[in-house]
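These are the residues of each chain, in order.
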Amino acid sequence: MIREFFSPAAERLDLSPRVSDEVKHTTCYMCACRCGIRVHLKDGQIRYIEGNRNHPVNRGVLCAKGSAGIMNHYSPARLSKPLLRVGERGRSEFREIEWDEALRIATEWLGEVRRTDPRRLAFFTGRDQSQALTGWWASQFGTPNYAAHGGFCSVNMAAAGIYTIGGSFWEFGEPDWELTRYFMMFGVAEDHDSNPIKAGLAKLKESGAKFISVNPVKTGYSAIADEWIGIRPGTDGKFVLALVHELLRSDRIDLDYIVRYTNLPWLTIRNPGGADDGLIARGLEGEPLCWDGATDQPANAMLAGVTPRLAGEVTLPDGRRAIPAFELMARRYLDDAYSPDAAEIETGVPAGTIRRIAAELAETAFERSIVLDQPWTDWAGRRHDTMVGRPVTMHAMRGISAHSNGFHTCRAIHLLQILLGSIDCPGGFRYKPPFPKAAPPALKPAGRADQIVPGRPMPGPPLGFPTGPEDLLVEPDGTPQRIDKAFSWQAPIAAHGMMHMVIRNAWAHDPYPIDVLFMFMANMSWNSAMNTAETMDMLTAKDESTGEYRIPKIIYADAYSSEMVAYADLVLPDTTYLERWDCISLLDRPICSADSAADSIRQPVISPDRDVRPFQDVLIELGTRLGLPGLVKQDGSPRYPGGYADYIANHERAPGIGMLAGWRGEAGERNGAGAPNPKQLERYVANGCFWEHKLAPGQRYFKHANRDYLEYAASVGFIGKPDQIVLQVYSEPLQKFRLAARGHGPVQPPDALRKRIDTYFDPLPIWYPPFEGSLIDTDSFPLHAITQRPMAMYHSWGSQNAWLRQIHGTNPLYINRGTATRLGIEDGDWVWVTSHHGRIKVRVKLMEGVNPETVWTWNAIGKRSGAWNLDPAAPEAKTGFLLNHVISDLLPAQPDGLRYANSDPVTGQAAWYDLRVRVEKCADEEAKTSAPAFATLNAPPGMPERPSILRYGLLYSRGWRRKQEEESR
Ligand code: SF4
């Protein structure tokens, strides 16, 4: 009886059913990690997505978002045809048009601008992965007004890293997950680098390495940390510099590493008030000088044989006084202002905890150092039998980045890593190719007045790395040249542009009016904007005298009916990521690991069933119609008639260097560099849509000083020449800006900005309180307010995803239970959250794992009623909310009335984590829906009927099949 009960049923179970009749490889695009996926197709439909076990990024791991890509693909929010506005802007009144008409209109609008003043095109993209194309296209068009969303997201991390170590966290580097013994993570949201971090943390749990998470909120990764430091937002820099203080005080730093690899031994000029004060002392050829202890003479600091002194003021042969940068650094951070006791006041982290962590860092770095039996050769040709590692590593992201002090805080973290000797050593932080690059790279932003010529390309890319005032894009009187004011005195090192200021400046005609705002995948009327309500007003504002919109023409490309669609005049519908060719290029943000150079592609796994086109194809088509020199041949015919796939395979950025590094050369025989290969994409597809070149074991560490790695990097165009990359703890470019603020040099800041530049362009990392809190009455706004990104949603991309919405269909405001009790607030209460800028009404959830002075919510869950083809009464619209509504894009006025962007003063990074609020319980009679509630958006024409229940998978169910069979009998 028992056997009868169990055996037959068990034997009938099909544990590995065939779910598909075809499997295609491609790259996930449900977040920015770029995992390899295998898409199963059945009867021409997407049936199932799984991770690609061979892929270097995820090794088969797939997260909830990745597997739910099916529902993004089949979303009822997909746009289906080009649209032309027929009603007032903002009302979502369109008529469907054919692609020919859409492209003709766009070409007319863009052509007129290019013929007259190319600056009057502002071209900004969101979190797309084709910036190697879009930036090049802008440069070909001739406009400097281009950027992606980095100024809103993480430019503080990128710029601080690039200017300090020639690399950065996130895409450009990773912890040595295998060998580290001590891992500190600062301000990392769960989505970024999602699968690789999760896999890495699993390795730490297996190896027993200690994991400390520094984050005001104990969620996601922080929840599995061995120690959670619930720091006060915006004070991480103070905490890190107190660790530096302790290491210096206890003489626990890696002096050998500092001498070999950093510019701390370099001499800096001591000439207070002089034009050269604080600059690096240099020899006749421009080489940096140090003071050689062996000869008691100045020497070329780049020579391998010198034994530089790290302290002591000296007199140079020309009579000037100089001091090693190391002494400046040590003097500064040994000051009591950086002591753990001082840091406790600002950070809320007990001084004893700071001292203990500093001791643990030092103990791990120096008493538990790793020695790999791996010979390698340094830049000077010296052979080393082993690789010695300091198994301490760090990782940081938006919690550091999105503050007005984020650039210096990130530099402080790199300083801490450097003092411990843990940059690109076994167990430490590791560069991913194509990094490291020179700190900073030689690339300068194009866009000076003499570089903008109607009908011609610019001579370089719109984004780059200024190293002094002469590289700024400003008029002689200091007026910004770019519409977003990037690379001006307001944000000199805005290496990713300032997307968050484009709409305001275009509306204000400051510094000049534009004609066309062209955006791709950037939800700028909603979750990608600060000050949302006013942004919507600016997008619809008209000139009273002419009756014309102040931003005359808006072209918007997106796959979905996002909130921004309603504000477009012309809508170019994009495909989903499963319907197009794409490349994740080494010229942009590739998929490399610390042990390999790699890149990848997307291929269309399914054909569009709507009248939509891949945006990248559309961009190439528009550029061809406009006659952009890079896109047409001499006879005017298209250079890439096969669209983006053709461009990916055949475009060369420099001789032998193209979008993809794998299978180059006419027969696909070369890797890294080589002639275009017409069959390159086929080779990628055959290999699972990626290419990977493993570095030799002797190239894998100390890449900044490893001759074999540097020679390889130069041979494939990652760097110009195989010189040592010196870590720039002391930043001479910052000092050059500071000297200008003090009146030196031909390019001078406006007087109103001198003090600001002088203060924040310190050549060594500093900490200062976030701006918003310094400019308002913090007694009125005592709480910090921040967002976190959930693992199951990436920005607003999951908004329309029927599976992911079941995880995050609404968002509460989380408050520390003790704080809520003091405020008389209970779980589930509705509260008003008020900032200096505005107020929102939200529902509260209480928790323990959050800094008592901080409230937070999930990012980008709240939706505008009617957007994304959701039911106007969907929970995202009724009880969900955005914190963006109470974040101002401008800081409160200075005493002289000037209002700066709410941004980091060095990089222009949007400072949306600086937000300060107060929370007050709503009156009982107030409606229990979130506020503000904006007018419901109409669905644009062509949207499918919105099902109340999405029955995806029904056709695969046994019951449905049986019914079909019955009906066909
Ligand atoms: S981590 Fe990102 S790229 Fe990887 S499977 Fe998840 S959503 Fe896709």
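Residues numbered from 1 in each chain as written. Predicted model: local features only at pLDDT ≥ 70, side-chain atom pairs only at ≥ 80, totals over all residues. Heavy atoms only, no water.

**Points about the overall build of the protein**
Item 1. Each helix and strand counted, the protein has 27 helices and 36 strands in total.
Item 2. For 969 residues, the compact-globule estimate of 2.2 N^0.38 gives 30 Å, and the C-alpha radius of gyration of the protein, at 28 Å, lies within 12% of that figure.
Item 3. Projected onto the principal axes, the alpha-carbon positions of the protein cover approximately 100 × 85 × 75 Å.
Item 4. Here the protein holds 969 residues, and 64% of them are scored as buried.
Item 5. Within the protein, contacts between residues separated by at least 24 positions form 70% of all contacts whose residues are at least 6 apart in sequence. (Helix = DSSP H or I, 4+ residues; strand = E, 2+ residues; numbered from the N terminus. Rg over C-alpha atoms; globule rule 2.2 N^0.38 Å. Buried < 20%, exposed > 50% of the residue type's maximum accessible area, 1.4 Å probe, protein only. Contact = heavy atoms within 4.5 Å.)

**Some words on empty space enclosed by the protein**
Item 1. Under the defined criterion, the tally for this structure stands at 7 cavities of 30 Å³ or more.
Item 2. Taken together, 34 residues make up the lining of the largest cavity; nearest its centre are Arg127, Met521, His795, Ser796 and Trp797.
Item 3. At the level of elements, helix H6 (150–153) and strand S24 (553–558) are the ones that each hand at least two residues to the lining of the largest cavity.
Item 4. Here the second largest cavity is characterised by a volume of approximately 110 Å³.
Item 5. Gly187, Asn215, Pro216, Gly399 and Tyr913 are the residues nearest the centre of the second largest cavity, which is lined by 16 residues in total.
Item 6. In terms of residues, the lining of the second largest cavity owes the most to one element, helix H14 (residues 398–401), which gives 3 residues. (1 Å grid on protein atoms, 1.4 Å probe; cavity = no way out; pocket = protein on both sides within 12 Å on 5 of 7 lines; lining within 4 Å. Points joined across faces, edges and corners; volume = space filled by probe spheres on them.)

**Section: the site of the ligand**
Item 1. For the ligand, the full set of nearby residues is Cys28, Met30, Cys31, Cys33, Arg34, Cys35, Leu62, Cys63, Lys65, Gly66, Ser194 and Asn195.
Item 2. Among the secondary structure elements, those contributing two or more residues to the shell around the ligand are helix H2 (64–67) and helix H8 (194–207).
Item 3. A class-by-class count of the residues in the shell around the ligand yields 7 nonpolar, 3 polar and 2 charged. (Near = heavy atom within 4 Å. Nonpolar A, V, L, I, M, F, W, Y, C, P; charged D, E, K, R; others polar.)

**Points about the packing of aromatic side chains**
Item 1. If you walk through the whole model with that rule in mind, you get 37 aromatic pairs.
Item 2. Arranged with centres 4.9 Å apart and planes meeting at 25 degrees, the rings of Phe123 and Phe518 form a pair that is stacked. Here Phe518 lies in strand S23 (residues 516–520) and Phe123 lies in strand S6 (residues 121–125), a separation of 395 residues in the sequence. In this structure, Phe123 and Phe518 share a single accessibility class: buried.
Item 3. With centroids separated by 4.7 Å and ring planes inclined at 70 degrees, the aromatic side chains of Tyr257 and Tyr261 adopt a geometry described as edge-to-face. One end of the pair, Tyr257, and the other, Tyr261, are both in helix H10 (residues 255–261), 4 residues apart, so they sit about a helical turn from each other.
Item 4. Using a relative accessible area of 4% as the deciding quantity, one classes Tyr257 as buried. (Phe/Tyr/Trp six-rings, centres within 6.5 Å; stacked < 30°, edge-to-face > 60°.)

**Some remarks on the pairing of strand S9 (residues 182–186)**
Item 1. Among the 5 residues of S9, 5 are classified as buried, and the element is accordingly described as predominantly covered.
Item 2. Taking every second residue as pointing to the same face, both faces of S9 are buried, with Tyr182, Met184 and Phe186 on one and Phe183 and Met185 on the other.
Item 3. Where S9 lies against strand S10 (residues 210–214), 5 bridges are found, and the strand directions are parallel. Across the sheet, Met184 pairs through a bridge with Ile212, a residue of S10.
Item 4. When S9 meets strand S21 (residues 392–396), the two strands line up parallel, connected through 5 bridges. Within S21, the position partnered with Phe186 by the bridge is Ala396. (Pairing = 2+ DSSP bridges.)

**Details of the sheet that holds S9**
Item 1. If you walk across this open sheet you meet the 4 strands as S11-S10-S9-S21, and the pairing is parallel. A single partner strand is all that each edge strand has here, and the edge strands are strand S11 (227–229) and S21. Pairs of neighbouring strands in the sheet enclose a mean axial angle of 15 degrees, with direction left out of account.
Item 2. Helix H13 (residues 351–367) contacts S9, S10, S11 and S21 of the sheet and is inclined by roughly 135 degrees relative to S9. (Axes fitted to C-alpha atoms, helices over the stretch in contact; angles between N-to-C directions.)

**Topic: the layout of surface pockets**
Item 1. Computed from the structure, the second largest pocket encloses a volume of approximately 560 Å³.
Item 2. Lining the second largest pocket we find 30 residues, and of these Pro56, Val57, Glu174, Trp177 and Ser593 sit closest to its centre.
Item 3. Counting only elements with at least two residues in the lining of the second largest pocket, the list comes to strand S8 (173–175), H8 and strand S30 (690–694).
Item 4. Residue contributions to the lining of the second largest pocket peak at 5 residues, all from H8.
Item 5. Partitioned by chemical class, the residues of the lining of the second largest pocket number 13 nonpolar, 4 polar and 13 charged.

**Quick notes on a nonpolar patch on the surface**
Item 1. Residues Leu954, Leu955 and Trp960 make up a contiguous nonpolar surface patch of about 230 Å² in total accessible area.
Item 2. In this structure, Leu955 sits in the loop between strand S36 (916–921) and helix H27 (958–968).
Item 3. Among the residues examined, Leu955 registers a relative accessible area of 31% and is labelled partly exposed. (Patch = residues over 30% accessible without salt bridge, like charges linked within 9 Å, V, L, I, M, F, W, Y side chains within 5 Å. Areas by Shrake-Rupley, 256 points an atom, 1.4 Å probe, with all protein chains shown as cover. Salt bridge = Lys/Arg side-chain N within 4 Å of Asp/Glu carboxyl O.)

**Some points on the packing of helix H5 (residues 131–141) against helix H18 (residues 615–626)**
Item 1. Between H5 and H18, the shortest axis-to-axis distance is 11 Å and the interhelical angle comes to 15 degrees. Considering the angle they form, H5 stands roughly parallel to H18. Read as a crossing pair, H5 and H18 show a hand that is left-handed. For the pair formed by H5 and H18, the contact residues are Leu133, Thr134, Trp137 and Phe141 on the first element and Phe615, Gln616, Leu619, Ile620, Leu622, Gly623 and Leu626 on the second.
Item 2. Partitioning the contact of H5 with H18 into residue classes produces 8 nonpolar, 3 polar and no charged. (Parallel < 35°, antiparallel > 145°, perpendicular 65-115°, else oblique. Left-handed = near helix turned anticlockwise from the far one by under 90°.)

**Things to note about helix H15 (residues 406–419)**
Item 1. An ideal rise of 1.5 Å per residue puts 20 Å on 14 residues; H15 measures up with 20 Å between its terminal C-alpha atoms.
Item 2. In terms of residue burial, H15 counts as a mostly covered element, since 14 of its 14 residues are buried.
Item 3. Count one or two residues on from H15 and you reach Gly421, which has phi positive near 70 degrees. (Expected span 1.5 Å × (residues − 1).)

**Some details on the sheet that holds strand S26 (residues 582–584)**
Item 1. The sheet built from 3 strands is open, its strands ordered S26-S27-S30 with antiparallel pairing. Edge positions in the open sheet fall to S26 and S30, since each of these has one partner strand only. Strand-to-strand, the axes of this sheet are offset by a mean angle of 10 degrees, without reference to chain direction.

**Some thoughts on the pattern of salt bridges**
Item 1. Tallied over the entire structure, the rule returns 65 salt bridges.
Item 2. Taking the shortest distance from any N to any O, the salt bridge between Asp762 and Arg332 comes out at 2.8 Å. Residue Asp762 is located in the loop between helix H23 (751–760) and helix H24 (771–775), and its partner Arg332 is located in helix H11 (residues 325–334); the two are separated by 430 residues in the primary sequence.
Item 3. The buried category is assigned to Asp762, whose relative accessible area is 6%.

**Things to note about the nonpolar core**
Item 1. One finds Trp137, Met184, Phe239 and Phe518 to be the most contacted residues of the largest nonpolar core, which totals 291 residues.
Item 2. The residues contacting Met184, other than those within four sequence positions of it, are Ile212, Val214, Phe239, Leu243, Ile357, Leu361, Thr393, Met394 and His395. (Core = buried A, V, L, I, M, F, W, Y, C linked by side-chain atoms within 4.5 Å.)

**Remarks on H13**
Item 1. Its 17 residues place the ends of H13 23 Å apart at the C-alpha level, agreeing with the 24 Å of an ideal helix rising 1.5 Å per residue.
Item 2. Looking only at H13, the buried set comprises Ala351, Thr353, Ile354, Ile357, Ala358, Glu360, Leu361, Ala362, Thr364, Ala365 and Phe366.

**A few points about the packing of helix H9 (residues 236–249) against H15**
Item 1. Packing of H9 against H15 brings their axes to within 9 Å, and their N-to-C directions diverge by 25 degrees. Judged by the inter-axis angle, H9 sits roughly parallel to H15. Considering the relative orientation of H9 and H15, their crossing is left-handed. Contacts between H9 and H15 involve Asp236, Gly237, Val240, Leu241, Leu243, Val244 and Leu247 from the first element and Thr409, Ala412, Ile413, Leu415, Leu416 and Leu419 from the second.
Item 2. Tallied by class, residues from the contact of H9 with H15 come to 10 nonpolar, 2 polar and 1 charged.

**Digging into the pairing of strand S27 (residues 596–602)**
Item 1. Taken across its 7 residues, S27 has 7 buried, putting it largely inside the fold.
Item 2. Side chains of S27 alternate between two faces, with Ser596, Ala598, Ser600 and Arg602 and Ala597, Asp599 and Ile601 buried alike.
Item 3. Where S26 meets S27, 3 bridges bridge the pair, whose relative direction is antiparallel. From the neighbouring strand, Asp582 faces S27, where its bridge partner is Arg602.
Item 4. In this sheet, S30 lies alongside S27 in antiparallel orientation, the contact comprising 5 bridges. Bridge assignment links Ala597 to a residue of S30, and that residue is His693.

**Description of the environment of Val571**
Item 1. Looking at where Val571 falls in the secondary structure, it is placed in strand S25 (residues 570–573).
Item 2. We classify Val571 as buried; its relative accessible area is 0%.
Item 3. Distance in space between the C-alpha atoms of Val571 and Ala106 is 9.9 Å, their sequence separation being 465 residues.
Item 4. The residues touching Val571, leaving out its near neighbours within four places in the chain, are Leu79, Pro82, Leu83, Phe94, Tyr556 and Val565.

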